[in-house]
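Single-letter residue listing:
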Amino acid sequence: MLVQQRGAAFGRRCKEGRQMNSQVPLWFPRFADVPGVHYSPPSGLDVSKLRQRKVRPTVNRWPDMPPSLSWPLPNGTTSQAPAGAHRLDDSRKATTNRLLRTLAEALALPGEPADYHFAIQEVISLLWSRRAEGPQAFVELERLCQLDLQLIQACPDAVTYEHREGGLRFVSITAFRTLLDLYLTEGALGDAARVLELADRFDNGDTPSARRARERCAAFAAEDKS
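A brief look at the structure comes next.

Reading the values: the criteria
Residues numbered from 1 in each chain as written. Predicted model: local features only at pLDDT ≥ 70, side-chain atom pairs only at ≥ 80, totals over all residues. Heavy atoms only, no water. Salt bridge = Lys/Arg side-chain N within 4 Å of Asp/Glu carboxyl O. Helix = DSSP H or I, 4+ residues; strand = E, 2+ residues; numbered from the N terminus. Buried < 20%, exposed > 50% of the residue type's maximum accessible area, 1.4 Å probe, protein only. Phe/Tyr/Trp six-rings, centres within 6.5 Å; stacked < 30°, edge-to-face > 60°. Axes fitted to C-alpha atoms, helices over the stretch in contact; angles between N-to-C directions. Left-handed = near helix turned anticlockwise from the far one by under 90°. Contact = heavy atoms within 4.5 Å. Nonpolar A, V, L, I, M, F, W, Y, C, P; charged D, E, K, R; others polar.

Evaluated as defined, the whole model comprises nine salt bridges. Linking Asp191 and Arg194 is a salt bridge whose minimum nitrogen-to-oxygen distance equals 2.5 Å. Here the residue Asp191 and the residue Arg194 both occupy positions in helix 7 (residues 189-201), the gap between them amounting to three residues, near one helical turn. By relative accessible area, which is 29% here, Asp191 ends up partly exposed. Overlapping salt bridges bring together Asp90, Arg92 and Lys93 as one network.

To continue, consider the packing of aromatic side chains. Tallied over the full model, the rule gives five aromatic pairs. With a centroid separation of 5.7 Å and 85° between ring planes, the pair formed by Trp27 and Trp71 is classed as edge-to-face. Of this pair, Trp27 sits in the loop between helix 1 (2-20) and strand 1 (58-60) while Trp71 sits in strand 2 (residues 68-73), and the two are 44 residues apart along the sequence. Plain terms: the ring middles of Phe31 and Tyr116 are 5.5 Å apart, the flat faces sit at 65° to each other, and that makes the pair edge-to-face. Here Phe31 is found in the loop between helix 1 and strand 1, whereas its partner Tyr116 is found in helix 4 (residues 113-129), with 85 residues between them in sequence. Residue Phe31 shares its accessibility class with Tyr116, and that shared class is buried. Taken together, the ring pairs in this structure connect Phe31, Tyr39 and Tyr116 into an aromatic cluster.

Turning next to the packing of helix 4 against helix 6 (residues 174-186). Put simply, helix 4 and helix 6 touch, their axes get as near as 10 Å, and they point 35° apart. In this structure, the crossing between helix 4 and helix 6 has a hand that is left-handed. Residue-level inspection shows Gln121, Ile124, Ser125 and Trp128 of helix 4 in contact with helix 6, the latter providing Thr174, Ala175, Thr178, Asp181 and Leu182. Taken together, the residues that form the contact of helix 4 with helix 6 break down as four nonpolar, four polar and one charged.

Here it is in structure tokens:
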């Protein structure tokens, strides 16, 4: 709950700060620097070979357009942050250890909150497809899902988009579905209820996984009262 409160407060500060600074995009030198996120890189991770770990963006300001970031390259610039660009050519063929190491490297690089979110989410989806590998896959799935939920609470702008009918909407967030399915399988209804509450806050509470969790939690509450 304390993490949620800090995350919500920081999310408001992020949004207010961006408005006060003409919507300058928010970025961080590494994922661990995001306030409200509790993350330690894996032991043994060698970041010395990550050449872009020390690059810093420049802010582009154009008339009648919101500011944007440019990141330096050896032969020019790019709009893609190092954290977003650091991925495998074909993640589906990589071993699970390679997937996790590449993600840890991406999280050690500069990027915007959305870069970290989508990097984590991609690995969550891949690990879910490999959950038959054994208990370790479930441990990593829960860890990554919880990390992503910390991030979106700290910086909710990372998971919003401008809807064609107007106004901002939240994107579909894989971590909610994955955690709910994990906790329902384990019978951890208390954990499922907490995730469900957060999913509702992010407009991700109307999915098959969320509906199953709601039904199971309601049935358990009814049994407890009888």
